[in-house]
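Understanding the architecture of this molecule
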Amino acid sequence: MLRIIDARTGEPVDAAPARRGLTRIEAHTEGFDVTALRILLVADLLVRALELGGTPVWALLDEEQRQAELRAGAAALGIRPFEDGRDAASGLGEAQVIHVVREEGAEPDGVRVAVAPVHSEAPPEEADPAALRLALLSRRRSVPVRLDTAALADAHDTLARWRRAVAGWAQRPSRPIPDEVKTELRTAWEDDLDVPGVLGVLRWVETAPDLPDGARFETYAYADRLLGLDLTRDLGAPA
(Lines give C-alpha, C1' and ligand atoms only; values in the text may rest on other atoms or scores of the structure.)
Protein backbone atom coordinates (compact mmCIF):
# COMPACT_ATOMS: atom_id res chain seq x y z
CA MET A 1 0.00 0.00 0.00
CA LEU A 2 1.33 3.42 -0.97
CA ARG A 3 2.24 5.57 2.03
CA ILE A 4 3.33 9.19 1.70
CA ILE A 5 4.70 11.79 4.10
CA ASP A 6 2.12 14.44 4.95
CA ALA A 7 3.92 17.80 4.85
CA ARG A 8 1.63 19.14 7.58
CA THR A 9 2.73 16.64 10.21
CA GLY A 10 5.86 14.96 8.85
CA GLU A 11 4.15 11.61 9.44
CA PRO A 12 3.36 8.88 6.88
CA VAL A 13 -0.27 8.38 5.84
CA ASP A 14 -2.02 5.92 3.56
CA ALA A 15 -2.53 7.48 0.15
CA ALA A 16 -5.71 5.41 -0.23
CA PRO A 17 -7.15 4.73 3.25
CA ALA A 18 -10.37 3.17 1.92
CA ARG A 19 -9.97 0.06 -0.22
CA ARG A 20 -11.03 0.90 -3.78
CA GLY A 21 -12.21 4.32 -2.55
CA LEU A 22 -11.74 7.29 -4.85
CA THR A 23 -8.62 9.38 -4.17
CA ARG A 24 -8.47 12.95 -5.41
CA ILE A 25 -5.06 14.32 -6.40
CA GLU A 26 -4.99 18.10 -6.69
CA ALA A 27 -1.89 19.88 -8.02
CA HIS A 28 -1.29 23.50 -6.93
CA THR A 29 1.34 24.90 -9.29
CA GLU A 30 1.26 28.61 -8.36
CA GLY A 31 2.50 29.85 -11.71
CA PHE A 32 4.47 28.40 -14.57
CA ASP A 33 8.12 27.37 -14.21
CA VAL A 34 10.12 24.14 -14.04
CA THR A 35 9.13 23.66 -10.40
CA ALA A 36 5.48 23.82 -11.45
CA LEU A 37 6.16 21.06 -13.98
CA ARG A 38 7.84 19.02 -11.23
CA ILE A 39 4.70 19.41 -9.11
CA LEU A 40 2.59 18.07 -11.97
CA LEU A 41 5.07 15.24 -12.46
CA VAL A 42 4.84 14.21 -8.79
CA ALA A 43 1.05 14.33 -9.05
CA ASP A 44 1.26 12.17 -12.19
CA LEU A 45 3.40 9.63 -10.31
CA LEU A 46 0.86 9.53 -7.48
CA VAL A 47 -1.91 8.85 -9.97
CA ARG A 48 0.07 6.09 -11.67
CA ALA A 49 1.12 4.43 -8.39
CA LEU A 50 -2.44 4.45 -7.04
CA GLU A 51 -3.87 3.09 -10.28
CA LEU A 52 -1.29 0.29 -10.27
CA GLY A 53 -2.66 -0.64 -6.84
CA GLY A 54 -6.24 -0.66 -8.12
CA THR A 55 -7.32 2.68 -6.62
CA PRO A 56 -9.54 4.97 -8.73
CA VAL A 57 -8.08 8.49 -8.98
CA TRP A 58 -9.43 11.91 -9.88
CA ALA A 59 -6.60 14.24 -10.97
CA LEU A 60 -7.11 18.01 -10.84
CA LEU A 61 -5.08 21.13 -11.63
CA ASP A 62 -5.67 24.16 -9.39
CA GLU A 63 -4.20 27.07 -11.32
CA GLU A 64 -5.91 30.25 -12.46
CA GLN A 65 -3.25 31.57 -14.83
CA ARG A 66 -1.06 30.23 -17.63
CA GLN A 67 -2.94 26.96 -17.84
CA ALA A 68 -2.19 26.65 -21.55
CA GLU A 69 1.58 26.77 -20.95
CA LEU A 70 1.33 24.37 -18.05
CA ARG A 71 -0.73 21.87 -19.97
CA ALA A 72 1.56 22.06 -23.00
CA GLY A 73 4.65 21.58 -20.84
CA ALA A 74 3.03 18.70 -18.98
CA ALA A 75 1.99 16.97 -22.19
CA ALA A 76 5.55 17.22 -23.52
CA LEU A 77 6.78 15.47 -20.35
CA GLY A 78 4.31 12.64 -20.79
CA ILE A 79 2.07 13.79 -17.93
CA ARG A 80 -1.50 12.75 -18.48
CA PRO A 81 -4.17 15.51 -18.58
CA PHE A 82 -5.59 16.95 -15.37
CA GLU A 83 -9.11 18.29 -15.04
CA ASP A 84 -9.67 21.92 -14.06
CA GLY A 85 -9.84 21.96 -10.26
CA ARG A 86 -11.48 25.38 -9.98
CA ASP A 87 -14.90 23.91 -10.74
CA ALA A 88 -14.56 20.80 -8.58
CA ALA A 89 -15.09 22.09 -5.06
CA SER A 90 -18.06 19.83 -4.40
CA GLY A 91 -16.06 16.65 -5.08
CA LEU A 92 -17.37 13.22 -5.91
CA GLY A 93 -17.44 11.65 -2.47
CA GLU A 94 -13.73 10.87 -2.52
CA ALA A 95 -12.27 8.89 0.40
CA GLN A 96 -9.01 10.85 0.36
CA VAL A 97 -7.77 14.21 -0.95
CA ILE A 98 -4.04 14.76 -1.53
CA HIS A 99 -2.73 18.21 -2.40
CA VAL A 100 0.61 18.44 -4.23
CA VAL A 101 2.21 21.81 -3.45
CA ARG A 102 5.47 23.74 -3.51
CA GLU A 103 7.66 23.74 -0.42
CA GLU A 104 6.66 26.80 1.61
CA GLY A 105 3.79 27.27 -0.84
CA ALA A 106 0.01 26.88 -0.64
CA GLU A 107 -1.41 25.26 2.48
CA PRO A 108 -4.82 23.81 1.54
CA ASP A 109 -6.73 21.72 4.03
CA GLY A 110 -6.00 18.01 3.82
CA VAL A 111 -2.99 15.82 3.22
CA ARG A 112 -0.18 17.77 1.54
CA VAL A 113 2.74 16.46 -0.51
CA ALA A 114 5.50 19.09 -0.68
CA VAL A 115 7.78 19.32 -3.73
CA ALA A 116 11.24 20.89 -3.53
CA PRO A 117 12.26 23.50 -6.12
CA VAL A 118 14.07 23.02 -9.40
CA HIS A 119 17.10 25.24 -10.03
CA SER A 120 17.47 25.38 -13.78
CA GLU A 121 20.70 26.47 -15.45
CA ALA A 122 19.90 24.94 -18.85
CA PRO A 123 16.82 26.18 -20.73
CA PRO A 124 14.36 23.30 -20.39
CA GLU A 125 12.82 24.12 -23.78
CA GLU A 126 16.08 22.97 -25.37
CA ALA A 127 16.04 19.61 -23.59
CA ASP A 128 14.63 16.32 -24.82
CA PRO A 129 11.35 16.12 -22.85
CA ALA A 130 11.88 12.46 -21.93
CA ALA A 131 15.39 13.22 -20.67
CA LEU A 132 14.00 16.15 -18.69
CA ARG A 133 11.43 13.83 -17.13
CA LEU A 134 14.13 11.33 -16.15
CA ALA A 135 16.33 14.10 -14.73
CA LEU A 136 13.43 15.29 -12.56
CA LEU A 137 12.71 11.71 -11.46
CA SER A 138 16.31 11.10 -10.39
CA ARG A 139 15.91 12.89 -7.03
CA ARG A 140 13.32 12.32 -4.34
CA ARG A 141 10.70 15.04 -4.45
CA SER A 142 11.90 16.46 -1.11
CA VAL A 143 15.36 17.12 -2.58
CA PRO A 144 15.96 20.21 -4.75
CA VAL A 145 17.00 19.49 -8.34
CA ARG A 146 19.80 21.37 -10.08
CA LEU A 147 18.91 21.04 -13.73
CA ASP A 148 22.17 21.82 -15.50
CA THR A 149 23.60 20.67 -18.81
CA ALA A 150 25.45 17.75 -17.21
CA ALA A 151 22.30 16.43 -15.51
CA LEU A 152 20.31 16.59 -18.75
CA ALA A 153 23.10 14.94 -20.75
CA ASP A 154 23.38 12.10 -18.22
CA ALA A 155 19.62 11.56 -18.32
CA HIS A 156 19.64 11.59 -22.13
CA ASP A 157 22.45 9.01 -22.30
CA THR A 158 20.79 6.75 -19.72
CA LEU A 159 17.46 6.89 -21.50
CA ALA A 160 19.02 6.10 -24.89
CA ARG A 161 20.96 3.17 -23.43
CA TRP A 162 17.91 1.72 -21.70
CA ARG A 163 15.71 2.02 -24.76
CA ARG A 164 18.32 0.23 -26.90
CA ALA A 165 18.67 -2.47 -24.26
CA VAL A 166 14.90 -2.96 -23.93
CA ALA A 167 14.57 -3.29 -27.71
CA GLY A 168 17.28 -5.95 -27.70
CA TRP A 169 15.85 -7.85 -24.73
CA ALA A 170 12.44 -7.90 -26.41
CA GLN A 171 13.85 -10.22 -29.07
CA ARG A 172 14.60 -12.89 -26.49
CA PRO A 173 12.03 -15.35 -25.06
CA SER A 174 9.79 -13.74 -22.46
CA ARG A 175 10.43 -14.62 -18.82
CA PRO A 176 8.49 -13.55 -15.71
CA ILE A 177 9.79 -10.82 -13.43
CA PRO A 178 11.48 -12.51 -10.46
CA ASP A 179 9.33 -12.17 -7.35
CA GLU A 180 12.11 -10.49 -5.40
CA VAL A 181 12.63 -7.89 -8.13
CA LYS A 182 8.93 -7.03 -8.31
CA THR A 183 8.86 -6.78 -4.52
CA GLU A 184 11.83 -4.38 -4.53
CA LEU A 185 10.16 -2.18 -7.16
CA ARG A 186 6.85 -1.95 -5.31
CA THR A 187 8.54 -1.50 -1.93
CA ALA A 188 10.41 1.49 -3.35
CA TRP A 189 7.51 3.30 -4.96
CA GLU A 190 5.12 2.54 -2.10
CA ASP A 191 7.62 4.10 0.34
CA ASP A 192 6.71 7.76 -0.15
CA LEU A 193 7.19 7.48 -3.93
CA ASP A 194 10.89 6.60 -3.78
CA VAL A 195 11.40 6.83 -7.54
CA PRO A 196 15.22 6.97 -7.27
CA GLY A 197 14.90 3.61 -5.53
CA VAL A 198 12.95 2.27 -8.52
CA LEU A 199 15.65 3.56 -10.87
CA GLY A 200 18.26 1.85 -8.71
CA VAL A 201 16.50 -1.49 -9.13
CA LEU A 202 16.50 -0.98 -12.90
CA ARG A 203 20.23 -0.26 -12.89
CA TRP A 204 20.83 -3.50 -11.01
CA VAL A 205 18.57 -5.48 -13.38
CA GLU A 206 20.40 -4.03 -16.39
CA THR A 207 23.60 -5.95 -15.59
CA ALA A 208 22.56 -8.56 -13.01
CA PRO A 209 24.28 -11.90 -13.74
CA ASP A 210 22.16 -14.95 -14.54
CA LEU A 211 19.00 -12.90 -15.15
CA PRO A 212 17.34 -13.87 -18.46
CA ASP A 213 17.01 -11.03 -20.95
CA GLY A 214 13.30 -11.75 -21.24
CA ALA A 215 12.95 -11.06 -17.49
CA ARG A 216 14.92 -7.84 -17.87
CA PHE A 217 12.49 -6.72 -20.57
CA GLU A 218 9.41 -7.52 -18.48
CA THR A 219 10.91 -5.71 -15.47
CA TYR A 220 11.58 -2.52 -17.44
CA ALA A 221 8.15 -2.61 -19.10
CA TYR A 222 6.47 -3.09 -15.71
CA ALA A 223 8.41 -0.28 -14.00
CA ASP A 224 7.67 2.04 -16.91
CA ARG A 225 3.99 1.92 -16.04
CA LEU A 226 5.01 4.13 -13.13
CA LEU A 227 7.95 6.01 -14.65
CA GLY A 228 6.29 6.94 -17.95
CA LEU A 229 9.61 7.09 -19.84
CA ASP A 230 8.41 5.20 -22.93
CA LEU A 231 11.20 2.65 -22.47
CA THR A 232 9.69 0.32 -25.08
CA ARG A 233 9.63 3.04 -27.75
CA ASP A 234 12.36 1.47 -29.92
CA LEU A 235 10.84 -1.99 -30.17
CA GLY A 236 11.10 -3.12 -33.79
CA ALA A 237 13.36 -0.24 -34.79
CA PRO A 238 16.44 -1.06 -36.91
CA ALA A 239 19.46 -1.82 -34.77
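Details of the structure are given in the entry above.
Residues numbered from 1 in each chain as written. Predicted model: local features only at pLDDT ≥ 70, side-chain atom pairs only at ≥ 80, totals over all residues. Heavy atoms only, no water.

Overview of the nonpolar core
Counting 74 residues, the largest nonpolar core has Ile25, Leu46, Val100 and Leu227 as the members making the most contacts within it. A total of 14 residues in this core trace back to one element, the largest contributor, which is helix α1 (residues 34-52). When near neighbours in sequence (up to four residues on either side) are disregarded, Leu227 contacts Arg133, Leu137, Val195, Val198, Leu199 and Leu202. (Core = buried A, V, L, I, M, F, W, Y, C linked by side-chain atoms within 4.5 Å. Buried < 20%, exposed > 50% of the residue type's maximum accessible area, 1.4 Å probe, protein only. Helix = DSSP H or I, 4+ residues; strand = E, 2+ residues; numbered from the N terminus. Contact = heavy atoms within 4.5 Å.)

Some details on the side chain of Asp6
Residue position: Asp6 is located in the loop between β1 (3-5) and β2 (12-14). If we skip the residues at most four places from it in the chain, Asp6 touches Glu11, Val13, Val111 and Arg112.

Section: helix α5 (residues 179-190)
Turn by turn, an α-helix covers 3.6 residues, leaving residues three or four places apart pointing in a common direction. Given a rise of 1.5 Å per residue, 12 residues ought to cover 16 Å, and the 16 Å separating the end C-alpha atoms of α5 matches this to within 8%. Buried residues of α5: Val181, Leu185, Ala188 and Trp189, and no others. Across the axial projection of α5, the buried residues extend over an arc of 90 degrees, all falling on one side. With respect to the buried face of α5, the exposed residues turned more than 90 degrees away are Asp179 and Glu180. Its buried side turned inward, α5 meets α1, α6 (195-207) and α7 (213-227). (Expected span 1.5 Å × (residues − 1). Arc of directions from axis to C-beta.)

A short note on the pairing of strand β6 (residues 96-102)
Counting buried positions along β6 yields six of seven residues, so the element is predominantly enclosed. By the bridge criterion, five bridges tie strand β3 (residues 23-28) to β6 in an arrangement that is parallel. Looking at β6, one finds that Thr23 is bridged to Gln96. Two elements, β6 and strand β7 (residues 111-115), share five bridges in a ladder whose sense is parallel. Within the sheet, the bridge partner assigned to Arg102 lies in β7 and is Val115. (Pairing = 2+ DSSP bridges.)

Don't take any of this as a statement about function, it's just geometry.
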